[in-house]
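One letter stands for each residue in the lines below.
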Amino acid sequence: MSMADPDLARIVSDIAEEMSARTDRGQVATYIPELANVDPARFGMALIDLDGHTHVGGDADMPFSIQSISKVFTLTLALGRVGDRLWRKVGREPSGNPFNSIVQLEREMGVPRNPFINAGAIAVTDVILSGRQPRETLGEILRFLQFVAEDETIFIDQEVAASEKRTGFRNAALANYMKSFGVLENPVDFTLGVYFHHCAIAMSCRQLARAGLFLANNGRNPVNGHSVISAERARRINALMLTCGHYDGSGEFAYRVGLPGKSGVGGGILAVAPGLASVAVWAPGLDEAGNSHLGRIALEELARRTGWSIFGH
Ligand code: GLN
């Protein structure tokens, strides 16, 4: 991708202003009170380029529940732990089904389609947990996020985690079902506990954009020079984000935005413009597939105004 030298500061602040004024906002997630009570009028955006220049708009510094966006970072850790052996336990194909679908798991003998649907992310969490205690594993995940974001204030929202656990019957069903096929190695309660807690990590758009910067720069943080993962692995994580990062809305996201992205039911999306920038948006209202409605529109506008796309200009 080439840099057309767009006025990024202007583009980000214009988009944030336009999104804040819109009335079509989608529906906030209602399965736990902590998400149901978030103000749907919030909108935040942060973009960091490879020189570390940061452009923000709206509520870019307000922490929100990153939910499934955490799955990008747990996938990174699991690949670091076991490498390609991970792919014995989880596939790499888009699911074409809702993120918490049970039916597909039965048809495919307990091996989830990809690491970003709930079943796949639970299997990935189980891999990181093996040989460790849940508390240690959770500490490792949190510290990894703090490291890549260069920000030690990132925290786990314990109330969100407790609510997830209290209402997580479907995730428990997915986990037990995988356990029956031997896909999970650890006690189901332990794996689910770590999963619920990493989904409950709270971050702002600014922190999240910084955390994703290594994916935009071949696995290396361009600002401090830290190598996080190999270029090959970064490329592959980006591929999975593009094909599977928005569940049953992944095709639409690729069509409209044209960048790898990962959404969460808290309304956040992390998008990666390889060679250019890392972008995080947050708008709590969701579309039918469980992806941020205005978050997607904001990224579509960003792609249109910058000409950024992995598919050409
Ligand atoms: N914690 C949520 C769940 O397991 C994550 C789902 C999501 O963000 N899509 O249901």
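Rules behind the numbers
Residues numbered from 1 in each chain as written. Predicted model: local features only at pLDDT ≥ 70, side-chain atom pairs only at ≥ 80, totals over all residues. Heavy atoms only, no water. Helix = DSSP H or I, 4+ residues; strand = E, 2+ residues; numbered from the N terminus. Rg over C-alpha atoms; globule rule 2.2 N^0.38 Å. Buried < 20%, exposed > 50% of the residue type's maximum accessible area, 1.4 Å probe, protein only. Contact = heavy atoms within 4.5 Å. Lys, Arg positive; Asp, Glu negative; His and termini not counted. Charge placed at Lys NZ, Arg CZ, Asp CG, Glu CD. Disulfide = S-S within 2.5 Å. Near = heavy atom within 4 Å. Polar contact = N/O pair within 3.5 Å; in protein donor to acceptor, adjacent residues only side chain to side chain. Areas by Shrake-Rupley, 256 points an atom, 1.4 Å probe, with all protein chains shown as cover. Nonpolar A, V, L, I, M, F, W, Y, C, P; charged D, E, K, R; others polar. Axes fitted to C-alpha atoms, helices over the stretch in contact; angles between N-to-C directions. Parallel < 35°, antiparallel > 145°, perpendicular 65-115°, else oblique. Left-handed = near helix turned anticlockwise from the far one by under 90°. Salt bridge = Lys/Arg side-chain N within 4 Å of Asp/Glu carboxyl O.

Caption draft 1: Inspection of the overall build of the protein chain at higher detail. In terms of helices and strands, the protein chain carries 14 helices and eight strands. For the protein chain, whose C-alpha radius of gyration is 18 Å, the value lies close to the compact-globule estimate of 20 Å for 313 residues. Dimensions of the protein chain, computed from the C-alpha atoms along their principal axes, are close to 55 × 40 × 35 Å. Taking all 313 residues of the protein chain together, 58% fall into the buried category. Contacts in the protein chain between residues at least 24 apart in sequence constitute 69% of all its contacts with a sequence separation of at least 6. Separation of charge centres in the protein chain, based on 30 positive and 34 negative side chains, amounts to 6 Å.

Caption draft 2: Structural detail: the state of the cysteines. As enumerated under the stated definition, the model contains zero disulfides in all. C199 takes part in no disulfide bond, and the closest cysteine sulfur to it belongs to C244, at a distance of 17 Å. Residue C199 is classed as buried on the basis of its relative accessible area, which comes to 3%. By relative accessible area, C244 is classed as buried at 2%.

Caption draft 3: Up close: the site of the ligand. Looking at the ligand, the residues that line it are Y31, Q67, S68, F99, N118, E164, N171, Y195, C199, Y247, G264 and V265. Y195 is positioned with one of its side-chain polar atoms (N or O) 2.7 Å from an oxygen atom of the ligand. In the environment of the ligand, an oxygen atom lies 2.9 Å from a nitrogen or oxygen atom belonging to the backbone of V265. When the free accessible area of the ligand is taken as 300 Å², the share hidden by the protein chains comes to 96%. For the shell around the ligand, the class distribution of residues is six nonpolar, five polar and one charged.

Caption draft 4: Inspection of the packing of helix α3 (residues 70-82) against helix α5 (residues 118-129) at higher detail. Relative orientation of the contacting elements α3 and α5 amounts to 45°, with a least axis distance of 9 Å. Taken together, the axis directions place α3 and α5 in an arrangement best described as oblique. The two elements α3 and α5 meet at a crossing, and its hand is left-handed. Within the contact between the two elements, α3 uses K71, T74, L75, L77, A78, R81 and V82 and α5 uses N118, A121, V124, V127 and I128. By residue class, the composition of the contact of α3 with α5 is eight nonpolar, two polar and two charged.

Caption draft 5: The arrangement of the pattern of salt bridges in detail. Across all of its chains, the model carries 15 salt bridges by this definition. A salt bridge links D24 to R22; its shortest N-O distance comes to 2.9 Å. Overall, the relative accessible area of 30% leaves D24 in the partly exposed class. D59 is paired through a salt bridge with R42; the nearest N and O atoms lie 3.4 Å apart. One end of the pair, D59, is in the loop between β2 (54-58) and β3 (64-65); the other, R42, is in the loop between α2 (33-36) and β1 (44-49), and 17 residues separate them in sequence. What you see here is one network of salt bridges that share partners, running through E18, E301, R304 and R305.

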